[in-house]
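Architecture at a glance
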Amino acid sequence: MKILIVCTGNSCRSQMAQGWLQSFDKNLNVCSAGTEPAREVNPLAIKTMKSSGIDISHHTPKSIHEYLNEPWDYVITVCGEANENCPVFNGKVRQRLHIGFYDPSRAQGTPEFIESEFRRICNQIKTKMYDFYTDEILNGDGGPTCTCGANRFCRCN
């Protein structure tokens, strides 16, 4: 099972999603990439995941262009900009999903507030990635969809 998580900078949300999915099942081949990759993984993303027992300190941002010719079971965008700007894959993609999250690196305020935003988004990512894992990977039945015709992770209603 090959899963690619895509975000704009590949420095925060996609890295956390990759870490969570790999923690659920070591047999999954999970990668993450960005449409405009940053130079490094956000230190608060690393710190937040470490406090959950997951080490992503060895992760590095990568460009989505490294993965365009590969086959994927799932390509999941985790931010709106990446969803809108996701390039066409030359390799086979079985299913493309969008499971969007607020970017905690945009939070402003006290250091405590910013850290709380990272924890909040990290917990949301954990929950949604676990839902994805159980619904799609373990059960594999496709599950319910939104009334708009999108997948069950859509929030338009």
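So, a few notes on the structure that sits alongside this text. No experiment lies behind these values; they were computed from the predicted model shown.

Reading guide: rules and limits
Residues numbered from 1 in each chain as written. Predicted model: local features only at pLDDT ≥ 70, side-chain atom pairs only at ≥ 80, totals over all residues. Heavy atoms only, no water. Axes fitted to C-alpha atoms, helices over the stretch in contact; angles between N-to-C directions. Helix = DSSP H or I, 4+ residues; strand = E, 2+ residues; numbered from the N terminus. Parallel < 35°, antiparallel > 145°, perpendicular 65-115°, else oblique. Left-handed = near helix turned anticlockwise from the far one by under 90°. Contact = heavy atoms within 4.5 Å. Nonpolar A, V, L, I, M, F, W, Y, C, P; charged D, E, K, R; others polar. Expected span 1.5 Å × (residues − 1). Buried < 20%, exposed > 50% of the residue type's maximum accessible area, 1.4 Å probe, protein only. Pairing = 2+ DSSP bridges. Right-handed = clockwise from strand over helix to strand, strands pointing away. Core = buried A, V, L, I, M, F, W, Y, C linked by side-chain atoms within 4.5 Å.

**Here we look at the packing of helix H1 (residues 13-24) against helix H4 (residues 111-139)**
At a minimum axis distance of 9 Å, the contact between H1 and H4 shows a crossing angle of 50°. Between H1 and H4, the angle falls in the class oblique. The handedness of the crossing between H1 and H4 comes out as right-handed. Between H1, through Arg13, Met16, Ala17, Trp20, Leu21 and Phe24, and H4, the contact on the second element is made entirely by Ile121, Cys122, Ile125, Lys126, Met129, Tyr130, Phe132 and Tyr133. When grouped by side-chain class, the residues that make up the contact of H1 with H4 number twelve nonpolar, no polar and two charged.

**Comments concerning H1**
Along an α-helix, a turn takes 3.6 residues, which lines up residues three or four apart on a common side. For H1, which comprises twelve residues, the first-to-last C-alpha distance of 17 Å matches the rise-based estimate of 16 Å (1.5 Å per residue) to within 8%. When you tally the buried positions in H1, you get ten out of twelve residues, the bulk of the element. Looking at the packing, one finds that the buried side of H1 touches strand E1 (2-7), strand E2 (29-34), helix H2 (43-51) and H4.

**Section: the pairing of E1**
Where burial is concerned, most of E1 is hidden: five out of the six residues are buried. In this structure, E1 lies alongside E2, joined through six bridges in parallel fashion. Across the sheet, Cys7 pairs through a bridge with Gly34, a residue of E2. In this region the chain leaves E1, passes through H1 and returns to the parallel neighbour E2; the handedness of that crossover is right-handed. In this structure, E1 lies alongside strand E3 (residues 72-77), joined through four bridges in parallel fashion. In the sheet register, Leu4 faces E3, and the bridge partner there is Val75.

**Quick look at the nonpolar core**
One recurring pattern in soluble globular proteins is that nonpolar side chains are buried together. The biggest cluster of nonpolar side chains holds 33 residues, and the ones touching the most others in it are Ile3, Ile5, Leu21, Ile76, Met129 and Phe132. Mapped onto this core, the elements with two or more residues apiece are E1, H1, H2, E3 and H4. In terms of residues, this core owes the most to one element, H4, which gives nine residues. Setting aside its immediate chain neighbours within four residues, Leu21 contacts Ile3, Ile5, Leu28, Val30, Met129, Phe132 and Tyr133. If you look at the next biggest cluster of nonpolar residues, it comprises nine residues, including Leu4, Tyr67, Leu68 and Trp72.

**Regarding the sheet that holds E3**
Spatial ordering of the open sheet is given by E2-E1-E3-E4, a layout of four strands whose pairing is parallel. What marks the edges here is a single partner per strand, and that holds for E2 and strand E4 (93-98). Sheet twist, expressed as the average angle between the axes of neighbouring strands with direction ignored, equals 20°. Relative to the sheet, H4 contacts E1, E3 and E4, its axis offset from that of E3 by approximately 150°.

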